[in-house]
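# Residue-level structure breakdown
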Amino acid sequence: MLSHIQNSVFFKEFFRKSIHFVSLFIVILYYYFGKSFTLNFLTLVLCCFLVIEYFRVEKELKIPIVWKLYRSKEKDKLSGNIYFLIGSIIAISIFSKEVASAAILMTTFGDSAAALIGISYGKRWIKSLPDRAWEGVISEYLVNLAIGYLFLSNWIVAIIMASAATIVETLTYKLDDNLLIPLFSGIVGQIVLIVYLSL
């Protein structure tokens, strides 16, 4: 059973991660309206968020409801949403539709699985890695693997992309994984896909 503190942390994290499910909307938008429209839309959204971040960080304004979703480490710097939007724009710009879509969803769903399962059921903590449980890491990898195969129908590419996304999320502390996961998983996925298709 979860303790009261664990429950509080879990539900706060669940609420934060549920917002990340907007990545589904991005992928749907990409498939139905195309690359150009999606990039223009995401750029517009990014500009709006940057305006909000200016007032939140520079002017220290507490935006109703939303401000509670930010972590303490995001108080004086850009939030993960900004980096996620930048990562999504990069992924859609330079990778194939399938690789970009998989990389974007790995960033959100894989990360969510790691956090929520780790908080709820984490018992085997990884030495030298604070706040990382094997239960969370394994859950993230399996979710990433399923996403990779769903979009690419290729186990080799899916395994490599899932591995890259999971490793980056697990080992990243100082930089923002919302930017690094779509970038690195997308790069290795695209390279492996090109090599595989050329054989």
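All values reported here derive from a predicted model rather than from experimental measurement.

Cut-offs applied
- Residues numbered from 1 in each chain as written.
- Predicted model: local features only at pLDDT ≥ 70, side-chain atom pairs only at ≥ 80, totals over all residues.
- Heavy atoms only, no water.
- UniProt positions renumbered as here; feature names shortened; annotations may be inferred.
- Helix = DSSP H or I, 4+ residues; strand = E, 2+ residues; numbered from the N terminus.
- Patch = residues over 30% accessible without salt bridge, like charges linked within 9 Å, V, L, I, M, F, W, Y side chains within 5 Å.
- Areas by Shrake-Rupley, 256 points an atom, 1.4 Å probe, with all protein chains shown as cover.
- Salt bridge = Lys/Arg side-chain N within 4 Å of Asp/Glu carboxyl O.
- pLDDT = per-residue confidence, 0-100.
- Contact = heavy atoms within 4.5 Å.
- Expected span 1.5 Å × (residues − 1).
- Buried < 20%, exposed > 50% of the residue type's maximum accessible area, 1.4 Å probe, protein only.

### Thoughts on the UniProt feature "transmembrane region" (unreviewed entry) in the chain
Those places that UniProt annotates as "transmembrane region" (unreviewed entry) correspond, in this numbering, to residues 14-33, 39-57, 78-96, 102-121, 142-167 and 179-197. The span residues 78-96 carries 79% helix and 0% strand; its end-to-end C-alpha distance comes to 28 Å. Secondary structure across residues 142-167 comprises 92% helix and 0% strand; the distance between its end C-alpha atoms is 13 Å.

### Considering a nonpolar patch on the surface
A contiguous nonpolar patch, built from Tyr 149, Trp 155, Ile 156, Ile 159, Ile 160, Ile 187, Ile 191, Val 195, Tyr 196, Leu 197 and Leu 199 and spanning about 1100 Å² of accessible area, is present on the exposed surface. If one sorts the elements of the nonpolar patch by residue count, helix H7 (residues 177-198) sits on top with five residues. Within the secondary structure layout, Trp 155 lies in helix H6 (residues 155-171).

### Topic: the confidence of the model for the chain
Averaged over every residue, the pLDDT of the chain is 85; the share at 70 or more is 82%. Mean pLDDT per element in the chain: helix H1 (residues 4-19) is the minimum at 51, and H6 is the maximum at 96. Scored below 50 in pLDDT, residues 4-11 makes seven contacts in the model with residues more than four places away or belonging to other chains.

### Section: helix H3 (residues 80-94)
Here H3 spans 21 Å end to end across 15 residues, near enough to the 21 Å set by a 1.5 Å rise per residue. Burial in H3 covers these residues: Gly 80, Ile 82, Phe 84, Leu 85, Gly 87, Ser 88, Ile 89, Ala 91 and Ile 92. Where H3 is buried, its residues contact helix H2 (22-58), helix H4 (97-121) and H7.

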